[in-house]
Amino acid sequence: MLLEIDDITLHYGRIQALHGISLHVNEGEVVALIGANGAGKSTIMRAISGLRAVSRGAIRFNGEDISKVRADLRVARGICQAPEGRGVFPGMTVQENLEMGAYIRRDHAEIAKDMERVFGLFPRLLERRKQAGGTLSGGEQQMLAVGRALMARPKLLLLDEPSMGLAPMIIQQIFTIITEINQQGTTVLLVEQNAQQALSRAHRAYVLETGNIVKEGTGADLLHDPAVKAAYLGVA
Ligand code: ATP
């Protein structure tokens, strides 16, 4: 088990956003979190990356409780989140953005290899490597955000709504690349509104409602679950 979340609660001031969440991610998996707006998906990601402190419960990574570990030290341990809302550095070139992703690393030869790998996954970024991040299209910025996260060589890649605001064809591409990244050895935890895509790509998934996990199963099982279909897949 790479990540184990054990009964966490989290508050924003007096608002309780998570009510005792437990979930796990095994090494090598793609796991998806699905649920309506406000269900708490992004909050779980923030708790894992350390941007928000949990009020109770444990977050174990490789068997160690990291719930009190600073966010930057969690990155050093191998947990890396592609920034929400894309968050690329607009004034830096594509290449510089990717280099920033590797800022904690000193293994220059390996960094160069990973840059090649990112360009292999995203040929569009190679074409635009001298272009400022802020001038890229939405889809390209999303690719850059994922590429930058990969440059940290994470053990666990956290992706928050990678398909948000993108055209259907680009969404397909992004999910295909997520599968490729996983097949190359990175474990992925994914938050998605696009439940259809997420469940078709994930080994397992959790369904979240108002800060509680209400269902879990394999992606395939949940895709065929009548309640999930009705609530999240737009079919009665
Ligand atoms: P969405 O898909 O809309 O982002 P989500 O499932 O990711 O939804 P969260 O963003 O995790 O949901 O929000 C969970 C709950 O916590 C919501 O009720 C939300 O209003 C509340 N919340 C989130 N961020 C804050 C904040 N910074 N301050 C106060 N309340 C917050």
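Before reading further, recall that the structure is shown in the block above.
Small disclaimer: the values here were computed from a predicted structure and weren't measured.

> Quick question: what am I supposed to make of helix 6 (residues 138–150) here?
Residues separated by three or four positions in an α-helix point in the same direction, a consequence of the helix having 3.6 residues per turn. The end-to-end C-alpha distance of helix 6 is 19 Å, a good match for the 18 Å that 13 residues give at a rise of 1.5 Å each. Of all 13 residues in helix 6, twelve are buried; the element is thus mostly enclosed. Taken as a whole, helix 6 has its buried residues at Gly-139, Glu-140, Gln-141, Gln-142, Met-143, Leu-144, Ala-145, Val-146, Gly-147, Arg-148, Ala-149 and Leu-150. On the buried face of helix 6, the contacting elements are strand 6 (79–82), helix 3 (94–101), helix 4 (108–121), helix 5 (123–127), strand 7 (156–160) and helix 7 (168–183).

> Explain the nonpolar core to me, please; I cannot follow it from the model alone.
Nonpolar side chains tend toward joint burial in soluble globular proteins. Ile-34, Leu-98, Phe-122, Leu-125, Leu-159, Leu-190 and Val-228 are the most contacted members of the largest nonpolar core, which has 47 residues in total. Non-local contacts of Leu-190, meaning those with residues more than four positions away in its chain, are made with Val-30, Val-31, Ala-32, Leu-33, Met-45, Leu-159, Pro-162, Phe-175, Ile-178 and Ala-198. With 28 residues, the next largest nonpolar core counts Leu-2, Ile-44, Ile-79 and Leu-208 among its residues.

> Looking at this structure, how should I read the packing of helix 6 against helix 7?
Angle between the axes and distance between the axes are the two parameters that describe a pair of packed helices. Running from amino to carboxyl end, helix 6 crosses helix 7 at an angle of 10°, the nearest separation of the two axes being 10 Å. Here helix 7 runs roughly parallel to helix 6, going by the angle between their axes. Counting all contacts with helix 6, which are made through Gly-139, Gln-142, Met-143, Val-146 and Leu-150, the residues of helix 7 involved are Ile-170, Gln-173, Ile-174 and Ile-181. Its residues assigned to classes, the contact of helix 6 with helix 7 shows six nonpolar, three polar and no charged.

Conventions adopted
- Residues numbered from 1 in each chain as written.
- Predicted model: local features only at pLDDT ≥ 70, side-chain atom pairs only at ≥ 80, totals over all residues.
- Heavy atoms only, no water.
- Helix = DSSP H or I, 4+ residues; strand = E, 2+ residues; numbered from the N terminus.
- Expected span 1.5 Å × (residues − 1).
- Buried < 20%, exposed > 50% of the residue type's maximum accessible area, 1.4 Å probe, protein only.
- Contact = heavy atoms within 4.5 Å.
- Core = buried A, V, L, I, M, F, W, Y, C linked by side-chain atoms within 4.5 Å.
- Axes fitted to C-alpha atoms, helices over the stretch in contact; angles between N-to-C directions.
- Parallel < 35°, antiparallel > 145°, perpendicular 65-115°, else oblique.
- Nonpolar A, V, L, I, M, F, W, Y, C, P; charged D, E, K, R; others polar.

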